[in-house]
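Reading the structure
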Amino acid sequence: QVQVVESGGGLVQPGGSLRLSCAASGSIFSANTMGWYRQSPGKQRELVASITSRGSTNYADSVKGRFTISRDNAKNTIYLQMNSLKPEDTAVYYCSFRRLTSTTNYWGQGTQVTVSS
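All of these numbers come straight from a predicted model, not from anything done at the bench.

**Remarks on the sheet that holds strand 7 (residues 67-72)**
The four strands lie next to each other as 1-3-8-7, forming an open sheet whose pairing is antiparallel. Each edge of the open sheet carries a strand with a single partner, namely strand 1 (2-7) and strand 7. Averaged over neighbouring strand pairs, the angle between their axes works out to 15° when direction is ignored. As paired strands, strand 7 and strand 8 (residues 77-82) are joined by six bridges and run antiparallel to one another. If you follow Phe67 over to strand 8, its bridge partner there is Met82.

If you want it as structure tokens, here you go:
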């Protein structure tokens, strides 16, 4: 079993920045991928960014150049640095963990990000 806990959401003005953190604990194995997804009312959950334990990254086109995902493998923690935030970035952001040998995703409880003036 794996536990995933997010932190760092909040309210920010357009053009501002926020940093999200996500820590995984439990039955962690070295080969895994962690990522950030978001969901706003009436929309499906979508991938924002992901990073493997080897450091390979993937970004949604809508956040490329504005968001940066990184990780600290010693702490099983990932970060999402969000710059130049837009109102359309408003959503609940969820962290996920998956071992590369499995199809099972473990999810955090979500953290609200609101971009508004």
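**Observations regarding the nonpolar core**
Judged by nonpolar contacts, the single largest core of 27 residues is most densely connected at Trp36, Val48, Phe67, Ile78, Leu80, Met82 and Tyr93. Elements represented by at least two residues in this core include exactly strand 1, strand 3 (18-26), strand 4 (32-39), strand 5 (46-52), strand 7, strand 8, strand 9 (91-99) and strand 11 (111-115). When sequence neighbours within four positions are dropped, the list of residues in contact with Tyr93 reads Glu6, Leu20, Trp36, Tyr37, Arg38, Val48, Phe67, Leu80, Met82, Gly110, Thr111 and Val113.

Parameters at a glance
- Residues numbered from 1 in each chain as written.
- Predicted model: local features only at pLDDT ≥ 70, side-chain atom pairs only at ≥ 80, totals over all residues.
- Heavy atoms only, no water.
- Pairing = 2+ DSSP bridges.
- Helix = DSSP H or I, 4+ residues; strand = E, 2+ residues; numbered from the N terminus.
- Axes fitted to C-alpha atoms, helices over the stretch in contact; angles between N-to-C directions.
- Core = buried A, V, L, I, M, F, W, Y, C linked by side-chain atoms within 4.5 Å.
- Buried < 20%, exposed > 50% of the residue type's maximum accessible area, 1.4 Å probe, protein only.
- Contact = heavy atoms within 4.5 Å.

None of the figures reported here should be taken as evidence of function without further support.
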